[in-house]
Structure formats: structure tokens, C-alpha cells
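Residue-level listing of the chains:
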Amino acid sequence: MAFLTLAVCCLLSLSVVHSQPSEAENDHTVFVLIGGTGDLAAKYLWQGVFNVYRSYMDRAQSSESIGGPLIVNLTFDFFTAARQSQDLGNATVKKILSYNVTCDQESEDREDGFSLSLCQKWKSELINKVVYTPLQNEEDFVSLCSQIISKFSLSVSQAKKEVLIYMAIAPSAYKSVLQNLNKHCHGLRENKVKIKVALEKPFGIDKASAETMSKQILKYFREDEIYRVDHFLGKPVVKAILPFRAQNSEIEKILDKDHVEKVEIFLKETIGIEDRVHLYNSLGVLRDIHQNHLTQLLTLVAMDLPSDLRDTAKVQENKERLLRQVETVRRHNSLFGQFSDYADLVKKLESNLSVSVDVPTFAATVVKINSPRWRSVPFLLVSGKSLDIRESFVRIIFKNNYVCVSQCDDQTGNEQSSYFKQVVFHIGHGSVKRPSILVSKSFRNPDCPDNFLESIDPSLFTSVSVYGEKASHFYICSVVKDIPAYESIISNMLVGKQENFVNTKILLLSWQIWDYLVNAEKKVRIYDKSDHRGHLNFVIKESQLEYVHDDDEGNVVMEDEKVVTHSEVMHEYVQTPATFLGRKLKTSHSDHLAFLLARDIDLAAGVEIQNKGSFHIAFSGGTSLTKLFQVLAQSFANLHWHSIHVWQVDERCVPHQDERSNFQMLDRELLRFVDIPYSNIHAMPVYTGGMLCDDELGGAHAYADTLRHIVPNSQLDYVILGLGADGHTASLFPFSSDIHVDTNTFVVTTDDGPAETNRRMTITLPLINKAKNVAIFVTGKHKRDIVNQLETSKSVDKYPVLGVNPINGTVTWYMDYNAYTGGVHVL
């Protein structure tokens, strides 16, 4: 068994399992804590490091004491670095390790013979192993990297070697520190040392800054080397959500819109912002809690389960898919508050800091998921400071939709039938003393996940009533060992469990949900400490939230809701009527441009479905339409998809499972997220009879015949085209004979494409020009040159896109600022 797995087994205090004797492997891990003298390190990280180290040493000691073999000979080295001088840093780190790192009470009560003195032995050993290095200039990085690399130079060739770098510093310093580590620690890669880098939030303050930060980090370290830490993902109950769902099919099969009334995701705190004034005043509760912790919890409870929870890639893929289905949160979906002495506290502790009156310390938002599974179910995300109780939980409340027809007297006489149906993942504090999973006794006795056991201990609760029910009305799965979050995080890094961390795609998708709201002006209600008058209580009216009590004390900083994206929050634009090549032109940032096109599709679909009962739309291939697909999936999933037929403009002659397939992208980014009948999806038949685009099989003719049979008058309602840098559109390339086919030829197979995928199937200009609406979507600075060339040419042979000229339809150009003006904003 690899040492990383062994370390986690030790961490979870599993029983010792002896294998047959074998030659021990020599595995070596170097742990580097950047910012090892800071508050996070002092309060949490060093204790977590020690617990993991001690767990392995305990296991190794146990094997030796009974004469059993050590399958893995794991050794550790520890480095820490900060901006303090050598002497001051040494003293600070030694103080933290001596006084903040402790042996827990279990050390005195172990039944396997290990004592408190043994724990103290490992603690002393850790203190002696930790090497402090100041990081004040580039020479210090050279020194640190040299010391780290030297620890691997003595490792035997077959040893497994890795370095864990934990960045417990402000994100603003990530770029320079990671750049220097990459520059001066290049010897690690040369020695085949596996590198893992942990990053602490906040990961940007909006989507744009998160994208910038991610691009900077990826310059120096690969995606598989990056571990973004959300410490909630290390909490025992949070880690148990997916396993619990997988083990309890009775509950899992009714987690949908037909059975769930609402989902509450709460994180309440009694403390204020005493130790985080400067940071909190720039973040507010949305950036601090909602965008990360609460969104991660929503993802875990709402995502589709993969067939194998051990498949990290599939778990991450399903998280990403769920986040794409979440609508952008708007002001009418939200309520905000600020505790009454916030401003005075900021001025007192940070006299030189300007106070923003609309920084919320409380927020309640209703989040909507546009998917067949969850559509219409409100997910309430609530968090705040200086509230009445400290508590965090995910609470799934089920509908009371049971209707009795026969033997109803017996049913009403059954005591369990009156129970409120709910499942609660109680993460910590508040009404239940230990992290637990509570399941209404309306369900069968649940299967508790690993590290949880069924409990009937009445002392587990702080009152006789929890979550609106008597405690006795619940089955309880209570955590056996409440492993601290940061201990779990460090352990997960060791074994490479990246599903418990935030990858770049998930980060940016979560920001897409909150980007508008964090920058929008807000109406903030003032509330007293602990909110003893209940001023924050609210009601849900469909997707709108309203406070129960009127309030004349709130600070109102609000305008009409007109902002669509973060880009428009930062810049007000007045768009004048414009044309391009005599056709209507719409310009904006690429994200908002996709929204404008999606909205126009929505309007056209509504008209056509009302008039004739169906809507036929054809999508071109190419990566430029990815954002459009995502917007349609996220914000327009409530379209009448059962009446919409989706066609392809063009397709590469590759199997649909090939990454180059246009249909695969269409399916991955859009079709799997909307409630469209399979019979309404019309993929081009490029792979039939085991052959790709074989002329004898007549795939192009078959697709044209299908169009004629299903589309009224062979007139598509909407055709979405792109523009190639060479002027091609669809798969009609410059100087191709397929530009001039006869009017009855709707689909052809061509060999005129780029060399890597030259053979393609495409609809033709005669079919495009029969359409009612044609949209040409153009984004990116690399399209600026071709846009300029189109304005000075009339050659359809040279620029096939100029052949788009509907007989009785309209053409609208959608260009982002990069393509239209090279990035200059149009007024």
C-alpha cells in the first residue's frame, strides 16, 4: 500500500492490517509552509500538520512494537518561511509549535498502549525537524529551494518523492512567491519530485480577478498540482454528503423537484469581524461565505452522483455540470443586512479605513437551478455575522405530497406518518453537539457512512427540539471521530484527493453565479447584535425574498436593476444603432453578447412555438459558441425545450465521442442540461455503418431529407453561424465549389477543411438563406483583421460568409468589442 493511503488510514485511526513481509519502499515527503508565523498557521495548520505526522509515526511505532513489517518507510522534512528575520522567525515558530500544538485527551486514554508521553515524543521530534527560512528577497528563495532539493538528493532512485507547499499568505502575494518558487525550485522537476501547492481563499474578488489570478498561477504550476482550499470541504459531515447519498437510495431517488420543497444552506456566526476588519470590509459576506463555502455545499447536495465516488475526474465533472445549471443570482433574489455597530467597529480598529455603508454582514439569497431535476426548487443560502446562534447545516425539506386513498384510518393512526420529512446535514455547533446527519423517521433507518455511527444518546442535543421536531423523531448518524478540517485537508493533499479541493473550472463557474451580485448596489438593513428582534426573518414569494418586518432604519443604496453582468457594473454604455455590411449589429463584452443572443433566441422561440407549435434552430461548431451554450443552459433552461428541435450547421467527420466533435461540445455544454426530448435532437450522421462520412452511405442526403421532412417548408427558424479568421462560415471554406451548389442542395460533405479535420459535413448557403433569422457570432481580437477585410470586399468565393443573404429573413451580427474595435468600448 502506498504511503499516502497509509497515512490517511492512520489518520482515521483504522485498525492495523498486516501484509505479508516485503521489502520496504523509501518514500519521502517535504512539507513547506509559506506564512508559517501567521494566524492561520498558528491556529490551525501546524496542529493539522502535527496530527498527520503523529498518526503515521504512531502506526510505524505500532508495527515495530509487535514485530510487524513496515510496508512503506516514509520520512518527512518540514520547512517554513515568512518575512520575519531568521532569529525572530525561529523564535516565533518554536513558540507556536510549543504552545499551540497540543496532544489531545485521547492520548491519555488510548487502549492500544500508546501514551501521552509518546505523543510528546513526536511533538519534540517535529519541533526539531522544522527549519525556518526568511523570505525577504530573491536570494532567500534560492536558499529555500536549495535546502528543499537537497532533501531529495539522498533519496534512493525508486523512492516516491513529493513536496507539499502550503501558501498561508495573502492571495495578493501568490504571483511573486509562486513565480520565485517555480524559478528557483526547478530542480524538483528534474529529480521527478511530485509537487502539490495549496492555496487559501479568497480566490479573487470577482470573476475577472479570479480569471486573472488563475492564469497567473497556471503559468508556474499545472492544474493537477494546484489544491485550492475551502476548509468546509474538510469537515466530516461535508465529506460525508456524497457517500450518504450513494448509500441511501431511498432518499437519493427523491432528491428532485417532485419531492423536495426547499433546501436550506445556513452558516450562522455569533462573532463579528474583530480580527478581520481590513479584509472583511473589502469582501463582505457574499465574497467571504456565499461564493465559496455555501456554493460548495449546494453543489454537493444537488449534483448528480457519479457511478463511482472514487473517480475524481467524474466527481469534478458532475460538480461543473451542476454549477453551469445555476442561474446568476439577482437583487430580487436577495436580502442584505449589516450589524448595527459595524461602522463604529471598523473606525475604531482601522481608523484610516473608509467604511462602505453597503458592506453586508448578513445575506440571504434564493438560488435557482435550471435543470429537469431541480427546476422550481428554491435553494436558500443564508449566512451572517453577529447572529443569535453559531450553527451551520444543510437542510433538505420534503413536500407533504402523500395522498391516502385506502386504509386511511390506519395511516393517520401511525405515529410516524405525522413526522416532518427532512434530512439534515448538521455540520457543527448549535442545536446538536457533534457533527451529525439527521433523518426523519418517515424514512427507513439510514445507512451511516464511514466514520459515522447511529446514535440514540439524548445528551447529543442542546434541547428537546431540533430543526422544528422532537429529537426523538430523527434517526441520527453521529461522527465517530471529529477530525479537524485542516487535518483532513492536509491528509487529502497527501493522498491527492482533488475532489475535496476547488479546481479552476469550478472556481470560475461559482464566480459566474455571484459576479453580478457582489458588485451590485444593495439595500442593507441594520440589525442589532444577535438580532433579538427578528428583523432578519424573511418570507419567500416564488424566487423573491422579503423581510417580514418593515424597517425604517435600513440604509438604502439601490437603483433600478438594470445591470446584467459585472462588465456593465464597471462601465455604463450607451449603445447607438449600428450596422455592419448593411445588417443589424450588436456589440458588447463577450459574456454579455452571449446573453443578448440567448435572449433573442428566447424571444423568437416564444413567437414560433405560439404560432406553429415548434421552433427549429441550427448551431454551428467552433469554440466561440461555448459561452452561448452555457448561457442558454444556465439562464434559459426554462425555454419550451419540448417544442424545440436542435440541428447542426456543420460537423467534423469524427465519432461523436471524439473531442473534436461539434456535437460533443453541443451536448456537453447545453443539451444535457435542458429538458429536450431525444427525438428533437438531430445530430449529423457523420458516423454510420462503421464508416465516417462515406459518400456511398449518403449521410449528407439523409440529413437533408430529414430536414425536409421535419422542418416546415425547409425553413429553419434560427441559424447560428460563426466566422473563421479566413472568412469561412459553417464549413464553407474560401474558393470551395460547395459555395455555389444548386438551390436544392441543402447538405454536402466537403474535403476543404483544415488539414487535421479536412473532411466535414455542412449545410449550404441555399438552406442558410431560406432561414427566418441568421445570427453571426464573432468574438476575439484575432477576428479583428477579418472583420476589417469584410468591409472592403464583395467576393463570396474569397469570403464565404458574404454569401449569407436570406431571401425573406434577417441577419444580425453579434460582435464583442475585441472583434469589432480591437477592445475599444463603443458608445
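Note that this is a predicted model, so its numbers are computed, not measured.

Cut-off values and rules
Residues numbered from 1 in each chain as written. Predicted model: local features only at pLDDT ≥ 70, side-chain atom pairs only at ≥ 80, totals over all residues. Heavy atoms only, no water. Helix = DSSP H or I, 4+ residues; strand = E, 2+ residues; numbered from the N terminus. Expected span 1.5 Å × (residues − 1). Buried < 20%, exposed > 50% of the residue type's maximum accessible area, 1.4 Å probe, protein only. Pairing = 2+ DSSP bridges. Axes fitted to C-alpha atoms, helices over the stretch in contact; angles between N-to-C directions. Contact = heavy atoms within 4.5 Å. Salt bridge = Lys/Arg side-chain N within 4 Å of Asp/Glu carboxyl O. Parallel < 35°, antiparallel > 145°, perpendicular 65-115°, else oblique. Nonpolar A, V, L, I, M, F, W, Y, C, P; charged D, E, K, R; others polar. Core = buried A, V, L, I, M, F, W, Y, C linked by side-chain atoms within 4.5 Å. Left-handed = near helix turned anticlockwise from the far one by under 90°. 1 Å grid on protein atoms, 1.4 Å probe; cavity = no way out; pocket = protein on both sides within 12 Å on 5 of 7 lines; lining within 4 Å. Points joined across faces, edges and corners; volume = space filled by probe spheres on them.

Taking 1.5 Å per residue, 13 residues should reach 18 Å; helix 13 (residues 312-324) reaches 19 Å between its end C-alpha atoms and fits that length. Within helix 13, the full set of buried residues consists of Val315, Gln316, Asn318, Lys319, Glu320, Arg321, Leu322, Leu323 and Arg324.

Turning next to the sheet that holds strand 26 (residues 650-652). Strands sit in the order 26-32-31 across an open sheet of 3 strands; the sheet is antiparallel. In this open sheet, the two strands that pair with only one neighbour each are strand 26 and strand 31 (747-750). This sheet shows a mean twist of 15 degrees between the axes of neighbouring strands, independent of strand direction. One ladder, built from 4 bridges, connects strand 31 with strand 32 (residues 760-763); its direction is antiparallel. Looking at the pairing, Val748 lines up with Thr762 of strand 32. Along the sheet face, helix 22 (residues 699-710) touches strand 31 and strand 32 and points at about 160 degrees away from the line of strand 31.

For the coordinates displayed, the defined rule picks out 36 salt bridges. Across the pair Lys196 and Glu162 runs a salt bridge, and its minimum N-O distance is 3.2 Å. Here Lys196, found in strand 5 (residues 194-200), pairs with Glu162, found in strand 4 (residues 161-167); they are 34 residues apart in sequence, far enough to count as distant. Taking the relative accessible area as the measure of exposure, Lys196 reaches 1% and is therefore buried. Here Lys201 makes a salt bridge to Asp288, at a shortest N to O gap of 3.2 Å. Taken together, the residues Lys201 in the loop between strand 5 and helix 9 (207-218) and Asp288 in helix 12 (residues 277-302) connect sequence positions 87 residues apart. Of the residues examined, Asp288 reaches a relative accessible area of 2% and is grouped as buried. Connected through salt bridges with shared partners, the residues Lys314, Glu317, Arg321, Asp667 and Arg672 form a single ionic network.

With that out of the way, let us pick up the packing of helix 12 against helix 13. One can describe the packing of helix 12 onto helix 13 by two numbers: an axis separation of 9 Å at closest approach and a directional angle of 105 degrees. By the criterion of interaxial angle, the relationship of helix 12 to helix 13 is roughly perpendicular. Contact residues: Thr295, Leu298, Thr299, Leu300 and Ala302 in helix 12; Lys319, Leu322 and Leu323 in helix 13. Of the residues contributing to the contact of helix 12 with helix 13, the split by class is 5 nonpolar, 2 polar and 1 charged.

Let us now look at the nonpolar core. Counting 127 residues, the largest nonpolar core has Val163, Leu178, Leu181, Phe379 and Phe425 as its most contacted members. Among the elements that make up this core, the one with the highest residue count is helix 12 (11 residues). Every residue in contact with Phe425, bar those within four places of it in the chain, is listed here: Val237, Ile241, Phe244, Val301, Ser392, Phe393, Val394, Ile396, Ser436 and Ile437. Residues Leu721, Ile776, Tyr799 and Trp813 belong to the second largest nonpolar core, which totals 42 residues.

Two strands in a sheet stick together by hydrogen bonds in their backbones, pointing the same way (parallel) or opposite ways (antiparallel). If you walk across this open sheet you meet the 8 strands as 22-23-34-33-30-24-25-27, and the pairing is mixed. The sheet is open, and its two borders are formed by strand 22 (579-580) and strand 27 (681-682), each paired with just one other strand. Relative to strand 27, strand 25 (residues 644-648) runs parallel, the two being bridged by 2 bridges. Along strand 27, the bridge assignment pairs Val646 with Ile681. Packing against the sheet, helix 22 makes contact with strand 24 (615-619), strand 25 and strand 27, and its axis sits at approximately 155 degrees to strand 25.

Before going further, it helps to spend a moment on the environment of Ser488. Mapping Ser488 onto the fold places it in helix 16 (residues 485-495). With relative accessibility at 5%, the residue Ser488 sits in the buried group. Along the sequence, Ser488 and Gly234 sit 254 residues apart, while their C-alpha atoms lie 5.3 Å from each other. When neighbours within four sequence positions are excluded, Ser488 is seen to be in contact with Gly234, Lys239 and Ile483.

Quick look at the packing of helix 12 against helix 14 (residues 342-349) now. Between two packed helices, both the angle of their axes relative to each other and the distance between the axes serve to describe the pair. Relative orientation of the contacting elements helix 12 and helix 14 amounts to 140 degrees, with a least axis distance of 10 Å. Classified by the angle their axes make, helix 12 and helix 14 are oblique. When the axes of helix 12 and helix 14 are compared, the crossing they make is left-handed. Of the residues in helix 14, those touching helix 12 at Val277, Tyr280 and Asn281 are Tyr342, Val346 and Leu349.

To continue, consider empty space enclosed by the protein. Following the criterion strictly, the structure yields 6 cavities of 30 Å³ or more and no others. Estimated volume of the largest cavity: approximately 70 Å³. Secondary structure elements with two or more residues in the lining of the largest cavity: strand 1 (25-34), helix 2 (39-65), strand 2 (72-82) and helix 16. The element that contributes the greatest number of residues to the lining of the largest cavity is helix 2, accounting for 3 residues. A breakdown of the residues in the lining of the largest cavity according to their chemical character gives 9 nonpolar, 1 polar and no charged.

Moving on: the pairing of strand 19 (residues 538-541). Regular strands have side chains that alternate between both faces of the sheet. As judged from the 4 bridges shared by strand 19 and strand 20 (residues 544-547), these two strands associate in the antiparallel manner. Looking at the pairing, Val539 lines up with Glu546 of strand 20. The turn linking strand 19 back onto strand 20 is made up of 2 residues, and Glu542 within it adopts a positive phi angle of 55 degrees.

So yeah, pure geometry; function would need other evidence.
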